[in-house]
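Geometric and topological summary
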Amino acid sequence: MRSLRAGRPSMSTRASRRKRLRWLAAMSLGLAAFFLLDTSAALAATPQMRASDWKSIKQVIGAQRAAFIAGDGDKAFGYATPALRAQFGDADTFMAMVHLGYPALITARYTEFLEGAVIDGLIIQPLRLIDADNSVRVALYTMEKQKNGAWRISGCRIGPSTVQSA
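Residues numbered from 1 in each chain as written. Predicted model: local features only at pLDDT ≥ 70, side-chain atom pairs only at ≥ 80, totals over all residues. Heavy atoms only, no water.

1. Things to note about a negative patch on the surface
- A grouping of D72, D74, D90 and D92 is seen on the molecular surface, where their side chains present a negatively charged patch.
- Structurally, D92 can be placed in helix α5 (residues 91–101). (Patch = residues over 30% accessible without salt bridge, like charges linked within 9 Å, V, L, I, M, F, W, Y side chains within 5 Å. Areas by Shrake-Rupley, 256 points an atom, 1.4 Å probe, with all protein chains shown as cover. Salt bridge = Lys/Arg side-chain N within 4 Å of Asp/Glu carboxyl O. Lys, Arg positive; Asp, Glu negative; His and termini not counted. Charge placed at Lys NZ, Arg CZ, Asp CG, Glu CD. Helix = DSSP H or I, 4+ residues; strand = E, 2+ residues; numbered from the N terminus.)

2. Details of the packing of aromatic side chains
- Under the defined criterion, the tally for this structure stands at three aromatic pairs.
- Each ring, one from F77 and one from F94, has its centre 5.3 Å from the other, and the planes form 50°; the classification is tilted. Residue F77 is located in helix α3 (residues 73–78), and its partner F94 is located in helix α5; the two are separated by 17 residues in the primary sequence.
- A relative accessible area of 10% means that F77 is categorised as buried.
- The exposure class of F94 is buried, given its relative accessible area of 4%.
- Ring plane angle 70° and centroid distance 5.7 Å describe the contact between F88 and F94, whose orientation is recorded as edge-to-face.
- In this structure an aromatic cluster arises from ring pairing among F68, F77, F88 and F94. (Phe/Tyr/Trp six-rings, centres within 6.5 Å; stacked < 30°, edge-to-face > 60°. Buried < 20%, exposed > 50% of the residue type's maximum accessible area, 1.4 Å probe, protein only.)

3. Considering the layout of surface pockets
- For the largest pocket, the calculated volume is near 240 Å³.
- Contributing to the lining of the largest pocket are 16 residues, with L84, M97, Y102, G155 and C156 lying nearest its centre.
- Looking at the lining of the largest pocket, the elements that each hand over two or more residues are α2 (51–70), α4 (82–88), α5 and β5 (151–160).
- Looking at the lining of the largest pocket, the element that brings in the most residues is β5, giving five residues.
- When the residues that make up the lining of the largest pocket are grouped by side-chain class, the tally is 11 nonpolar, four polar and one charged. (1 Å grid on protein atoms, 1.4 Å probe; cavity = no way out; pocket = protein on both sides within 12 Å on 5 of 7 lines; lining within 4 Å. Points joined across faces, edges and corners; volume = space filled by probe spheres on them. Nonpolar A, V, L, I, M, F, W, Y, C, P; charged D, E, K, R; others polar.)

4. Digging into the side chain of T81
- With respect to the helices and strands, the residue T81 is situated in the loop between α3 and α4.
- Overall, T81 belongs to the buried group, its relative accessible area being 2%.
- Each residue touching T81, except ones within four places of it in the same chain, is listed here: E144, Q146, R152, I153 and S154. (Contact = heavy atoms within 4.5 Å.)

5. Points about the nonpolar core
- Counting residues in hydrophobic clusters, the biggest one holds 30 residues, and the most contacted among them are F68, F94, L105, Y141 and M143.
- For this core, the elements supplying multiple residues, two or more each, are α2, α3, α4, α5, α6 (104–107), β3 (122–130), β4 (136–145) and β5.
- When residues of this core are assigned to their parent elements, the largest contribution, six residues, is made by α2.
- Those residues in contact with M143 that lie beyond four places of it in its chain are I57, V60, I61, I123, W151, R152, I153 and S154. (Core = buried A, V, L, I, M, F, W, Y, C linked by side-chain atoms within 4.5 Å.)

6. Thoughts on the pattern of salt bridges
- All told, the structure shown has three salt bridges when counted by the stated rule.
- Residue K145 is joined to D53 by a salt bridge in which the shortest nitrogen-to-oxygen separation is 3.3 Å. Of this pair, K145 sits in strand β4 while D53 sits in helix α2, placing them 92 residues apart in sequence.
- With a relative accessible area of 43%, K145 lands in the partly exposed category.
- Its relative accessible area of 4% is what places D53 among the buried residues.

What follows is the structure, encoded as C-alpha cells:
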C-alpha cells in the first residue's frame, strides 16, 4: 500500500521493511559469527610448522625411499605411523603394497621436494618423481608428528604432474 502523500510508503510498509532489515542484519551477524568461529577453530587446529619441521619431514621421506630402494622393508615400515603399520600388519605386506601400487617411489631416477603445506590441519609434503621413461608424477605425503616429536608418514597418494620432463 502506498500513502497518498508524495508517493511515500505507508507506515505499515515502512515498519515491515524495518523488520526485514533488522532480520537481515541479525542473520548477517549470525553468519559472520559462525564463519569467524569456524575460521578460528580451523586456525587453532592448524599446527604451527617451523623450517626444522619441514626439514625433518623431508629427511623421513628420503630415508623411507632409500629403504625402499635398498629393499629394507623393516626400515621402510618403521617410518610409517602406528596406524599405518597396524593397517598392513608387517613389513613384507607393506613392501608388497609399495611394489604393486607405488613403484615410482622405487624406480624414480630423479626426485625433488616441492613446498609443503598445511591443508585443513593435514601436513602435506609433495615430492616430484621423474621416472626412467621421463614420466612426471607427484607423491603427496601426509605426515603426523608423534608424541615423542618424531615425524612419521601416515599416507601417500601419487598423481600425475602438469610438468613434463625433458
